[in-house]
Structure formats: structure tokens, C-alpha cells
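Reading the structure
Read off the chains here:
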Amino acid sequence: MTAVTTAVPESASEGPVYRILLIEDDPGDALLVEELLHDTGMLFALTTRTALAEARTELAGSPIDCVLLDLHLPDVSGVDAVTAVRGLAPHTAVIVLTGLSEDRAGTEAMAAGAQDYLVKGKVEADLLRRTLRYAVYRSRTERASAQAQATRLRAEENARLERGLLPQPMLDTSTVKVTSRYLPGAAMALLGGDFLDVVEGDDGLVHAVVGDVSGHGPDAAALGVCLRIAWRSLVLGGHRGDDLLHLMERLLIAERDSQQLFATCTLLTLDQRSGTAVLHLAGHHEPLLTTTEGTQEVSAEHGIALGIVPGECSWPSTVVPLPAAGALTVYTDGLIEGHNGTKGERLGVEGLLALIGNLPSADPADQVDLLIKETQALNAGRHSDDLAVLRLDWSDRPTRP
């Protein structure tokens, strides 16, 4: 049967327009419901379907405030009809229509998830108006509660992931100031596979790592947490350079659930006394060095990403001379792969350096926040990769004892 759609536009009277889907195979009952809706004085848009199969499109995608559901349809009946509708539109109000002889049908339907029920032949306009308004209000309240609960759960999941991916730096005596930021690629998204960490060894050297596991979501985040924890444990155990990266790669291979997963990372060891930093780049881009003369990209040798060619172990080191005061910034590619304004070009390292050059002098944390804000404004939501930024600031180089 062809659907009949009746729309009453919002005109002289005030109030919301209720979008109603009537699933009823009896033309006489369908006409009666339409007439009662007109008698309520409510503004409504009514769509009628004669079977659940015909209503699936509306239930799955169309915005509906309330479903008026006959319990005896050609393709489904009774509680099964309610369950099917709730499965397709879990946050839409459902009012079932029962017959005079069905004493228990209404209460059983409500137990299955319907907001209310009406007995055919005993419905007046006032009762329909009150029932429909209450059912829609209750459904919207339930939806808001479910969304709030989902938001709380997501926040709790993010907090747990953040503790694993963004731990507190372990600095005992070092005067190095650490600034770190991490943002998921999309609003309300979980943190992804980017990770970072900073620890001070017993020898006073400051060790840092910034890494990026390929992919997004909880699996990438879980692997990122494993690599971050492994890095901290191995560094505190005295492992360095090639040996450290080799062990991290072994862990990645053992923990990943797909051979396509790999990780890039930068290892950095900062020695304030000698005024040097040792870099190992495993498929990662170079960090930025900030001095009194400005910010520039560090020139460093590159090694292969972890997990790309297991056992290759090609991670050359680069020794970088440092000024008495300055900063090193290591970041993941989410910071530079976004768009650079409206022309569709990627920001890239050159665009990032231009942004940094135009930032006002400020506290390191404020500068990092401003930089992220500027890159996100230029990107305007067109790129959705996670980003992590780690900045190490130092001054007043200590002298050797």
C-alpha cells in the first residue's frame, strides 16, 4: 500500500511540529488516527506505513518524534513488533495501539520498551494529545540521559588512555621544563596511537620519546600504551639507542594484531652539562630547535619505522649541539598534515615554522597552546589525525661538579 503523508505546517498557532510515523495496516484505523490527530490541535507531520518492512527506511534514517504502532502487522505482531521498532529507532517514542480484548498486550508492550499504549475505540483527542506529548518528552529525556552517560564513559576511557599515553614526567633533579599536549583527531573521539614520555636517568640525563602507531582508535591506543610503558622501563633499565629501539620493535611485533601496523618514534637524550642532544629517528620527522635567533628544524639522520622491516635495526644517531638556553619540540604528524588555509595545501614544516615565527613571546605552555589553536583554525576540521606535542625548555646550563 502506498504511504499517505499528511503535513500540517506551523502557521498561526504556536508549538512544535510533531513528526509521527503510523504503522497500521487497517485503512479505517489509520484514517481514524489521522482525524484524531487533527482534533488534538497539535502541529504534526504524519507518515503512514502498512508494515514494518515498509517503515524501515523512516525508522533507520528519518527524524521521527513518535511511532504509533499497531500490534498486528502483516510481517510482525505483539511484543516482537515493539522490539523490532526499538531496535531500529532505540531513542524514538513508541505508543502501541491495541484492541479492546487485549488486556495484557499494552502492559507487555511497555515492558518491551514502548512509552505508552492506547486502546482502539477508546481514544479521544485530549487523551491522544496528552499521551503523545508525554511519550515524546519521556523519550527525549531518555535520549539525553543516554547521551550524557555515553559522554561520561568516553571521558573515563579517555582519562584511562591518557594516563597510559601521557604519564607524568619523571624528573628528579633536572631543571628542564616539560610541556606536553595531546588531542584526538575528531571531536568526542578517543585518544589514538600517539604517545610520549620523559624520564631522568640516574646519570642526570633527560630522555624523551614521542611516537605514533599507525591507525586510530582503541587498538592503536593500546599498542601505544604498551610501547610507551616499555620505553620507560627499558630506559630506566639502562637501554639506549639501537638496543632500545630493537627491543621496542620486538614488543610491537609481539603485540600487534596485524602485520600492517607499525610505529614511528623519536628518541631524544638531552645532556645539559655537555650542551648536546642525541637523536634517533625511527621513521619520524626531525624535531624543532628554538634559540634566541628563532626556531628551525634540526638536521638529523633518519632510520626505519618500527615494524616495517623487522630485524633491519637501522637507526643511526645524530648529536645536536645545544645553546645554553633553548627548547626542543618533538611532535607527531597530526600537527603538520592539516590544511594551510583555504587553498587546500598541507601546512607542512615550512608552514609550521612560519606560524611559530609569528607567535608572540610567551610562556612555553601558552605558545604550544597558541600553535595548536592556529593549526586547527587553518585546518578547519578537514584533517582528522591525532596530534601530540612535547616541548623541552632549558636555561642556565649547569656546570660540571
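Residues numbered from 1 in each chain as written. Predicted model: local features only at pLDDT ≥ 70, side-chain atom pairs only at ≥ 80, totals over all residues. Heavy atoms only, no water.

Here we come to the overall build of the protein chain. Along its length, the protein chain carries nine helices and 17 strands. Considering the protein chain as a whole, with its 401 residues, one finds that 47% of them fall into the buried category. Within the protein chain, residue pairs in contact and separated by at least 24 positions form 69% of the contacts whose partners lie at least 6 positions apart. Carbon and sulfur atoms provide 51% of the accessible area of the protein chain, an area that totals close to 19400 Å². (Helix = DSSP H or I, 4+ residues; strand = E, 2+ residues; numbered from the N terminus. Buried < 20%, exposed > 50% of the residue type's maximum accessible area, 1.4 Å probe, protein only. Contact = heavy atoms within 4.5 Å. Areas by Shrake-Rupley, 256 points an atom, 1.4 Å probe, with all protein chains shown as cover.)

What follows is about the packing of helix α8 (residues 348-358) against helix α9 (residues 364-379). The interhelical angle for the contact between α8 and α9, taken along N-to-C directions, is 130°, at an axis separation of 10 Å. Overall, the two elements α8 and α9 adopt an arrangement that is oblique. Every pair of crossing elements has a handedness; the one defined by α8 and α9 is right-handed. Contacts between α8 and α9 involve Leu352, Leu355 and Ile356 from the first element and Leu371, Glu374, Thr375 and Leu378 from the second. Class assignment for the residues of the contact of α8 with α9 results in five nonpolar, one polar and one charged. (Axes fitted to C-alpha atoms, helices over the stretch in contact; angles between N-to-C directions. Parallel < 35°, antiparallel > 145°, perpendicular 65-115°, else oblique. Left-handed = near helix turned anticlockwise from the far one by under 90°. Nonpolar A, V, L, I, M, F, W, Y, C, P; charged D, E, K, R; others polar.)

Attention shifts here to the pattern of salt bridges. On inspection of all chains with the given rule, the structure shows 14 salt bridges. Between Arg49 and Glu58 there is a salt bridge, and its shortest N-O distance comes to 2.4 Å. Taken as a pair, Arg49 and Glu58 share a single burial class, namely buried. With a closest N to O distance of 3.3 Å, Glu108 and Arg104 form a salt bridge. Connected through salt bridges with shared partners, the residues Glu24, Asp29, Asp70 and Lys120 form a single ionic network. (Salt bridge = Lys/Arg side-chain N within 4 Å of Asp/Glu carboxyl O.)

Once that is clear, we can look at the layout of surface pockets. Looking at the largest pocket, its volume works out to about 350 Å³. Listing elements by their share of the lining of the largest pocket, those giving two or more residues are β12 (288-291), β13 (294-297), α8, α9 and β17 (387-394). In terms of residues, the lining of the largest pocket owes the most to one element, α9, which gives four residues. A breakdown of the residues in the lining of the largest pocket according to their chemical character gives nine nonpolar, eight polar and two charged. (1 Å grid on protein atoms, 1.4 Å probe; cavity = no way out; pocket = protein on both sides within 12 Å on 5 of 7 lines; lining within 4 Å. Points joined across faces, edges and corners; volume = space filled by probe spheres on them.)

A few words on α8. What α8 keeps buried is the set Val349, Gly351, Leu352, Leu355 and Ile356. Taken down its axis, α8 places every buried residue within 160° of arc, on the same side. Exposed residues lying more than 90 degrees from the buried face of α8 are Glu350, Gly357 and Asn358. Those residues of α8 that are buried lie in contact with β12, β13, β16 (326-331) and α9. (Arc of directions from axis to C-beta.)

Strand order in this open sheet of five strands is β7-β17-β16-β12-β13, and the pairing throughout is antiparallel. Bordering the open sheet on either side are β7 (177-183) and β13, each of which pairs with just one other strand. Across this sheet, the average inter-strand angle for adjacent strands is 15°, counted without regard to direction. In this structure, β12 lies alongside β16, joined through three bridges in antiparallel fashion. From the neighbouring strand, Thr290 faces β16, where its bridge partner is Ala327. Most of the contacts of α9 go to β7, to which it runs at about 25°, and overall it touches β7 and β17. (Pairing = 2+ DSSP bridges.)

This part covers the pairing of strand β8 (residues 194-200). Along a regular strand, successive side chains alternate from one face of the sheet to the other. In terms of burial, β8 is largely enclosed, as seven of its seven residues are buried. Taking every second residue as pointing to the same face, both faces of β8 are buried, with Asp194, Leu196, Val198 and Glu200 on one and Phe195, Asp197 and Val199 on the other. Here β8 runs beside strand β9 (residues 206-213); their pairing, made up of seven bridges, is antiparallel. Across the sheet, residue Val199 finds its bridge partner in β9, namely His207. Two successive antiparallel strands, β8 and β9, enclose a turn made up of five residues, where Gly204 displays a positive phi of approximately 85°.

Our next topic: the nonpolar core. If you look at the biggest cluster of nonpolar residues, it comprises 24 residues, and the most contacted ones within it are Leu268, Leu270, Leu322, Leu328, Leu390, Leu392 and Trp394. When residues of this core are traced back to their parent elements, those giving at least two are β8, β9, β10 (263-271), β11 (276-282), β16 and β17. Top contributing element to this core by residue count: β17, with four residues. Each residue touching Leu328, except ones within four places of it in the same chain, is listed here: Leu268, Leu270, Ala277, Leu288, Leu289, Val298, Leu322, Leu390, Arg391, Leu392 and Trp394. (Core = buried A, V, L, I, M, F, W, Y, C linked by side-chain atoms within 4.5 Å.)

Sequence positions flagged by UniProt for "modified residue: 4-aspartylphosphate" (unreviewed entry) are, in local numbering, Asp70. Position of Asp70 relative to the elements: it lies in strand β4 (residues 66-70). Apart from residues lying up to four places away in sequence, Asp70 is in contact with Ile23, Glu24, Asp25, Leu97 and Lys120. (UniProt positions renumbered as here; feature names shortened; annotations may be inferred.)

Of the positions making up helix α2 (residues 52-61), those classed as buried are Leu52, Ala55, Glu58 and Leu59. Projected down its long axis, α2 carries its buried residues within an arc of 110°, all on one side. For α2, exposure combined with an orientation more than 90 degrees from the buried face picks out Ala53, Thr57, Ala60 and Gly61. Residues of α2 that are buried make contact with β2 (17-23), β3 (43-49), β4 and α3 (79-88).

Before going further, it helps to examine the confidence of the model for the protein chain. Scored by pLDDT, the protein chain has a mean of 86; 89% of the residues are at 70 or more. Taken together, the stretch residues 9-13 has pLDDT below 50 and engages in five contacts with residues farther than four places along the chain or on a different chain. (pLDDT = per-residue confidence, 0-100.)

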